[in-house]
Amino acid sequence: MKTRTQQLIENVLNDNSRRTDNSLRAKALRRAMSGATPRTMTPWEWEEWYAANGEKIDLSAKDDD
């Protein structure tokens, strides 16, 4: 008869589920390949992103301060 702790340890050691890479590099690659709109970039990177993705860039906005 196995104790509950021994059974839990055996389950963890025999776990054949798919392992995922959670490194920063892997996460960055998943974000880059997802096609989702980026969240943070410099203004120049945004211009390049919009140009590459066919989005219209409104450069006529002016501050009236």
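Quick caveat: nothing in here was measured; it's all calculated off a predicted structure.

Here we come to the packing of aromatic side chains. Scanning the entire structure with this criterion turns up three aromatic pairs. Ring plane angle 75° and centroid distance 5.2 Å describe the contact between Trp49 and Tyr50, whose orientation is recorded as edge-to-face. Residue class for Trp49 comes out buried when judged on its relative accessible area of 18%. Among the aromatic residues, those joined into a ring-pair cluster are Trp46, Trp49 and Tyr50.

What follows is about the layout of surface pockets. If you add up the space inside the largest pocket, you get close to 190 Å³. Across the lining of the largest pocket, the residue classes break down as three nonpolar, five polar and two charged.

Scoring rules and cut-offs
Residues numbered from 1 in each chain as written. Predicted model: local features only at pLDDT ≥ 70, side-chain atom pairs only at ≥ 80, totals over all residues. Heavy atoms only, no water. Phe/Tyr/Trp six-rings, centres within 6.5 Å; stacked < 30°, edge-to-face > 60°. Buried < 20%, exposed > 50% of the residue type's maximum accessible area, 1.4 Å probe, protein only. 1 Å grid on protein atoms, 1.4 Å probe; cavity = no way out; pocket = protein on both sides within 12 Å on 5 of 7 lines; lining within 4 Å. Points joined across faces, edges and corners; volume = space filled by probe spheres on them. Nonpolar A, V, L, I, M, F, W, Y, C, P; charged D, E, K, R; others polar.

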